[in-house]
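Architecture and fold: a report
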Amino acid sequence: MAKVTMIQAINQALGLAMERDPKVMVLGEDVGKNGGVFRATEGLLDRFGEARVVDTPLAESAIVGSAVGLAMGGMRPVAEIQFFGFIYETMDQIGTQASRMRFRSQGRFHVPLVIRAPFGGGVRTPEIHSDSLEAFFCHMPGLKVVTPSTPYDAKGLLLSAIQDPDPVLFIEPMRLYRAFREEVPEDWYEVPLGHARIAKSGDDVTVVAWGPMVPVAEAAAEKAGQEGISVEVLDLRTLSPIDTQAIIASVQKTGRAVVVHEAVRTGGFGAEVAALIQEHAFLSLEAPVLRVTGYDTPFPVPSIEDLWLPDAGRLLEAITTVVRY
Amino acid sequence: MKPDKEFPIRRVIDEDGQLVGDRSGVTDDELKEFYRWLVTLRTLDQRAWNLQRQGRIGTYPPFSGQEATQVGVVAALDRMDWICGSYRDWAALAYAGVPLYYPLLNSMGHPVSGNIPDSVQALPVQVVIAAQILHAVGLAWSAKLQGQDRVAVTFFGDGATSQGDFHEALNLASVMKAPVIFVAQNNQWAISVPISRQMNSQTIAQRSLAYNIEGVRVDGNDIIAVFQTLKEVAARVRAGKGPALVEAVTYRLGAHTTADDPTRYRPSDEEARLSHGEPVARLKRYLLGAGILGEEDFQRIDDEAKATVDEAVKTAESYPKSASETVFDHVYQDLTEPLKQQRAAFRQRVAEGGGQRG
Ligand SMILES: Cc1ncc(C[n+]2csc(CCOP(=O)(O)OP(=O)(O)O)c2C)c(N)n1
Ligand SMILES: [Mg+2]
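Note that the coordinates shown come from a computational prediction; the quantities given were computed from them, not determined experimentally.

1. As for the coordination of the magnesium ion (ligand 2)
Residue and element names in this part refer to chain B. Within the protein, the atoms that donate to the magnesium ion (ligand 2) are Asp158 (OD), Asn187 (OD1) and Trp189 (O), at distances of 2.1 to 2.2 Å. Counting residues between consecutive donors of the magnesium ion (ligand 2) along the chain gives the motif D-x28-N-x1-W. A residue pair is termed long-range when its members are at least 10 positions apart, and Asp158 in the loop between β3 (152-157) and α7 (164-176) and Asn187 in the loop between β4 (180-186) and β5 (189-190) qualify at 29 residues. Accessibility expressed as a relative area gives 1% for Asp158, which makes it buried. The buried category is assigned to Asn187, whose relative accessible area is 4%.

What follows is the structure in structure tokens.
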């Protein structure tokens, strides 16, 4: 087994899916000759040709809207949106079309479409590029929302997403693309959608995280450990449909929970997690569920980014607060 | 339709600086001033590239190759006309009066670069491809509704013409007879995607036909042609004849941004061929040939440009840092209750040294 980065793992998954199923195609801006601005589609044009690796005109709504048609017509499109912030251009096609076609047609049509997009902060991008917008999409019935935090999961989840009969939004933490390598099988394997992963087990407090915040949660857990606090880190991996059982099982064990996300606080997905916990594990709770999140402002300019983003220090404070509550 | 015939490229000086058209309406003094600006802007752009390579600024989108279009267009406007541009349009903004250190501050992530000085009627640059085209329609429309003698100009790229926003803007402006000038900077590339893959039309200008508005094509590397064209177009738009689409054909001389590597997708023989007609060298050849400026003048202009740019770099690098908590300002007019609390927590965290990397 080779050690690969997340971006390489994603590239492998796309290559394998295209090899196995001639209906799988990728489309997006700069995905062909340039191999994607992050190189996720590197080499695919040479291997699979222009009909299946498509540099589209610059129009996100066209990419997703036509991918909905491609999918209904029998293809398996994997659309790339260059940066998640530009997904706003596609809100209509995702929210009113892709996610509802099955429902609208009462099962006659379905949309096996994957939309990939890099997201999140920590890489000093210009405006809009770093926004974490996952909450909008968890509010769209009919759509699945997936985000990996490791190379292994990235590949396995993406292969599951491409197999999935329903539309899947697959958001990739930009800052983890090349952050570390891990052993990833070269062959096909799947990580099922809808299942959280215990990234680190512990007894005193559950930290619920996803995507770019998982390593931050692990770092905070490490620091907490030095202070004698045993933290369990739960990596949700799929936000929608959410793995309620895994969250509840963990909180029933630890009695405390902190949710961490980069996205702005109000109306964030952390609120959903907190609500589920109080609905299902109220009697296990020793402390209120806390959130560590971005602030309720637009994502800041690069010079302020590190202060704005949740980090291990802020998370540790919340962990200590719930433990001492 | 033969778009090449119906939308011929207007040009006054060719790649070698030879006069091939009618130069009327542009004085020698104007040309000298244009040249001084082009050199200063080119110097700034190249310096910005180097500063990024030295880690002194962040990602930077060079405008080299597009100076003649941006300066020529703005030079033809009135002071109160609106300018709506994007990330690559700092040359237009600088000529309109935005300080030269602004693009540097922008790439350093300083929020002040969004705050265009009140004396300049321009929106801040924004990165969502084609969105500003619609703002120009609204600004022009509002000028019309209020009886103001103002037109709006919007700059955008060849890639932007694929977005719905572009087509919606042309149609709406046409229906409303809004005084907008749409300036497509066809630099022939949208990151790695060539114009031939962006559209199956031969020209961008011909899209004007579909919306029943004026459409022209101009050599965007020829500042004389750009300036003349815009003067004429602006006069018609200002007179209430409805919007116009100007396709300025130019070339992105280098990478898309400092984060891009064009050798992955762009043939070097194309670069060599199309760089030859670039606007600064072209105007220089003309001015020299026509005896308007001589070698000593060029040297002096280069030296002055360097000094001006040095000054801009110095200002940018010594510019007072904005307090981190300003991220809570300007979200709403008045700080909301939740934001007040968040700002207090943020302030405390900064005071305690939180948020350092690692
Ligand atoms: C809506 C949107 N999609 C994608 C991007 C990423 N992106 C930035 S520049 C660019 C290409 C733009 O090409 P063009 O319009 O020709 O302008 P140029 O960069 O050549 O000036 C792309 C795809 C973006 N900024 N906004
Ligand atoms: Mg372009």
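2. Some points on the interface of chain A and chain B
By a frequent convention, interface size equals the accessible area lost on bringing the separate parts together. On the side of chain B, 37 residues touch chain A, which itself brings 41 residues to the contact. When chain A packs against chain B, close to 3,200 Å² is buried across both sides, 52% of that on carbon and sulfur atoms. For the chain A face of the interface with chain B, the top three residues by lost area are Leu58, Tyr295 and Leu307 of chain A, together amounting to 20%. Here chain A and chain B share 3 salt bridges between them. The interface formed by chain A and chain B holds 11 residue pairs in polar contact (both at pLDDT 80 or more) in total. Those elements that provide at least two residues to the side of chain A that touches chain B are β3 (53-55), α11 (302-308) and α12 (312-324) of chain A. Sorting elements by how many residues they give to the side of chain A that touches chain B places α11 of chain A first, with 6 residues. The residue makeup of the side of chain A that touches chain B, split by class, is 17 nonpolar, 8 polar and 16 charged.

3. Quick look at the domain arrangement of chain A
All names here are of chain A. Each domain of chain A was delimited in the assignment, giving domain 1 (3-183) and domain 2 (197-323). Taking the mean C-alpha position of each, domain 1 and domain 2 sit 26 Å from one another. Facing the 26 residues of domain 1 at the interface are 25 residues of domain 2. Carbon and sulfur atoms supply 56% of the area that domain 1 and domain 2 bury against each other, a total of about 1,900 Å² over both sides. Three residues, Arg124, Thr147 and Arg175, lead the burial of domain 1 against domain 2; their summed loss comes to 26% of the area buried on that side. The interface formed by domain 1 and domain 2 includes 5 salt bridges. Note that Arg124 and Glu305 form a salt bridge whose closest N and O atoms lie 3.9 Å from each other. The interface formed by domain 1 and domain 2 includes 14 residue pairs in polar contact (both at pLDDT 80 or more).

Cut-offs applied
Residues numbered from 1 in each chain as written. Chains lettered and ligands numbered in written order. Predicted model: local features only at pLDDT ≥ 70, side-chain atom pairs only at ≥ 80, totals over all residues. Heavy atoms only, no water. Donors = N, O, S within 2.8 Å, 3.2 Å for Na, K, Ca; no water. Helix = DSSP H or I, 4+ residues; strand = E, 2+ residues; numbered from the N terminus. Buried < 20%, exposed > 50% of the residue type's maximum accessible area, 1.4 Å probe, protein only. Contact = heavy atoms within 4.5 Å. Buried area = accessible area lost by both parts, 1.4 Å probe. Salt bridge = Lys/Arg side-chain N within 4 Å of Asp/Glu carboxyl O. Polar contact = N/O pair within 3.5 Å; in protein donor to acceptor, adjacent residues only side chain to side chain. Nonpolar A, V, L, I, M, F, W, Y, C, P; charged D, E, K, R; others polar. Domains from an automatic or database assignment.

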